[in-house]
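Close look at the chain arrangement
The residues making up each chain are set out below.
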Amino acid sequence: MRRIFVVAFLVVLVAVLVFLGLNALGLLPEQAAAQAEPIDWLLNLELMVISFLFALIIVPLVYSLVAFRRKPGETGDGEHVEGNTRLEIGWTVIPLIIVLIFAYLGAENLGRVRRADPQAMQVQVTGYQWGWQFKYPQYGIRSQELYLPVNEQVLFKMESTDVIHSFWVPEFRVKQDLVPGRVTEVRITPSRVGRYTLMCSELCGTQHAYMNAPVVVVSRAEFDAWVAERQAAAAAAAASGPDAARGEEKYLMYCKACHSIDGSKGVGPTWRGLLGEQVVLTDGTTFIADEAYILRSIKEPASQVVAGYPPMAFNAEAVGLTDADLADIVEFIKTLK
Ligand SMILES: [Cu+2]
């Protein structure tokens, strides 16, 4: 009897210490979305149960090793034990009940995380190798930075132009895959003003590790000011003609992963000296690269594949590049002698 009390006391003590230890590790980044609360609550509960189960197994095991070890001179066999029906029913039924409780809590929790606000602002997310593009259909703007107003639910509609990517801001907790050929959704209500990082969390090729985008959560007033600024910039860009400096910005955002401008070979051919250069296609045709060829290469990459390369796996239209953007890029390519 005394032994049982000692073991029970040690189980509780070790469980509490393990739980405090796990908490002290600081496993989670700060909470910055309403959806993070129920998720963290459930995780915390699971950590408690895990700590207790750990203690329940390890403490009696270690205690038995020490308390019941062979005494000097003892040579006989141990006592023969033939099953224990009550114990076996107990250790089947109790875990079953715990698992069922967690199934219920998990489902209830998922319901809270998915709760939809019909007023939610929509943002269209496009993931591509290797970057992110955000469109705000309500405001007619697009951006490489994800600006969000605080305390308002956002409905993300997500598409991939190539392979599977995954949308994840650790501070928001929820994570959703982008799957080519369909639209996936996730709802997030940012709850804390600040700067975060969106990262792709599905291995998607050589530049996967750099497939990040800044996330900026601001007040509604600041968000509106940002929208107005983006709209004005887009209008100004449309009014002026093609511009090499803007083209360079777009190159850095969309094309740099595969095309160098210093003559080195990447996933795709370098752009240095591209205009006026002799091009050899996979079907053997050769010609001198002009503006029309460059534009066609971007818009219909499969129609003319440069010899020695795979077809370009990049869809300019899908990531939201307009004809004006492409004209800027061609203007930039012209400067690369
Ligand atoms: Cu990715």
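Residues numbered from 1 in each chain as written. Predicted model: local features only at pLDDT ≥ 70, side-chain atom pairs only at ≥ 80, totals over all residues.

Examining the packing of helix H5 (residues 244-255) against helix H7 (residues 323-334)
Packing of H5 against H7 brings their axes to within 7 Å, and their N-to-C directions diverge by 100 degrees. On the basis of the axis angle, H5 is roughly perpendicular to H7. Together, Ala244, Arg246, Gly247, Glu248, Lys250 and Tyr251 of H5 and Asp325, Asp328, Ile329, Glu331 and Phe332 of H7 make up the contact between the two elements. In the contact of H5 with H7, the residues fall into four nonpolar, one polar and six charged. (Axes fitted to C-alpha atoms, helices over the stretch in contact; angles between N-to-C directions. Helix = DSSP H or I, 4+ residues; strand = E, 2+ residues; numbered from the N terminus. Parallel < 35°, antiparallel > 145°, perpendicular 65-115°, else oblique. Contact = placed C-beta atoms within 7 Å. Nonpolar A, V, L, I, M, F, W, Y, C, P; charged D, E, K, R; others polar.)

Considerations on the packing of helix H6 (residues 291-299) against H7
At a minimum axis distance of 11 Å, the contact between H6 and H7 shows a crossing angle of 130 degrees. Classified by the angle their axes make, H6 and H7 are oblique. At the point where H6 passes H7, the crossing takes the right-handed sense. Between H6, through Glu291, Ile294, Leu295 and Ile298, and H7, the contact on the second element is made entirely by Leu326, Val330 and Ile333. Residue classes in the contact of H6 with H7 are distributed as six nonpolar, no polar and one charged. (Left-handed = near helix turned anticlockwise from the far one by under 90°.)

Points about the sheet that holds strand S4 (residues 146-149)
Read across the open sheet, the five strands follow the order S4-S10-S9-S6-S7; overall the sheet is mixed. Bordering the open sheet on either side are S4 and strand S7 (175-178), each of which pairs with just one other strand. Put simply, the sheet's adjacent strands are angled 25 degrees from each other on average, direction ignored. Each of S4 and strand S10 (212-218) is contacted by helix H4 (residues 220-239), which is oriented at about 140 degrees to S4, the strand it contacts most. (Pairing = 2+ DSSP bridges.)

A short note on the sheet that holds strand S1 (residues 121-128)
What holds strands together in a sheet is hydrogen bonding between their backbones, with the strands either parallel or antiparallel. With mixed pairing, five strands are arranged side by side in an open sheet as S3-S2-S1-S5-S8. A single partner strand is all that each edge strand has here, and the edge strands are strand S3 (141-143) and strand S8 (184-188). Mean inter-strand twist for the sheet, computed between neighbouring axes without regard to direction, equals 25 degrees. In the sheet, strand S5 (residues 154-160) pairs with S8 via five bridges, with the strands oriented antiparallel. Note on S8: the bridge partner recorded for valine 154 is isoleucine 188.

Comments concerning the environment of arginine 112
Looking at the element boundaries, arginine 112 is found in helix H3 (residues 85-114). Take arginine 112: there are 14 C-beta atoms within 10 Å of it, and that puts it in the partly exposed class. Distance in space between the C-alpha atoms of arginine 112 and proline 38 is 7.2 Å, their sequence separation being 74 residues. (Buried ≥ 20, exposed ≤ 12 C-beta atoms within 10 Å, placed from the backbone.)

Re the domain arrangement of the protein chain
Parsing the protein chain into structural domains produces domain 1 (2-65 + 89-114), domain 2 (121-238) and domain 3 (241-334). Its C-alpha centre places domain 1 at a distance of 35 Å from the equivalent point of domain 2. Each partner contributes to the interface: domain 1 provides eleven residues, whereas domain 2 provides 14 residues. Going through the elements one at a time, helix H2 (36-67) and H3 are the ones with two or more residues in the side of domain 1 that touches domain 2. Here the residues of the side of domain 1 that touches domain 2 are counted per class, giving seven nonpolar, two polar and two charged. (Domains from an automatic or database assignment.)

Let's talk about the nonpolar core
Counting 22 residues, the largest nonpolar core has Val125, Phe156, Phe167, Leu198 and Val215 as the members making the most contacts within it. Secondary structure elements with two or more residues in this core: S1, strand S2 (131-136), S4, S5, S8, strand S9 (194-200) and S10. Broken down by element, this core gets its largest block of residues, three residues, from S10. Counting contributing residues, this core receives three or more from each of domain 1 (2-65 + 89-114) and domain 2 (121-238). Each residue touching valine 215, except ones within four places of it in the same chain, is listed here: Leu146, Leu148, Val169, Arg195, Tyr196, Thr197 and Leu198. (Core = buried A, V, L, I, M, F, W, Y, C linked by C-beta atoms within 7 Å.)

Considerations on H4
With 20 residues, H4 extends 29 Å between its outermost C-alpha atoms, agreeing within 8% with the 28 Å of an ideal straight helix rising 1.5 Å per residue. A small share of H4 lies buried, amounting to zero of its 20 residues. (Expected span 1.5 Å × (residues − 1).)

Considering H2
Compared with an ideal rise of 1.5 Å per residue, which puts 32 residues at 46 Å, H2 spans 45 Å between its outermost C-alpha atoms and is within 8% of the ideal. Listed in full, the buried residues belonging to H2 are Ala36, Ser51, Ala55 and Val59.

What about the pairing of S2?
Two strands pair when backbone bridges link them, and S1 and S2 are joined in this way by five bridges, in the antiparallel orientation. Bridged to valine 125 within S2 is phenylalanine 134. The hairpin turn running from S1 into S2, its antiparallel successor, is two residues long. Bridging between S2 and S3 involves three bridges; their strand directions are antiparallel. Bridge pairing in S3 places tyrosine 136 opposite isoleucine 141. The turn linking S2 back onto S3 is made up of four residues, and glycine 140 within it adopts a positive phi angle of 65 degrees.

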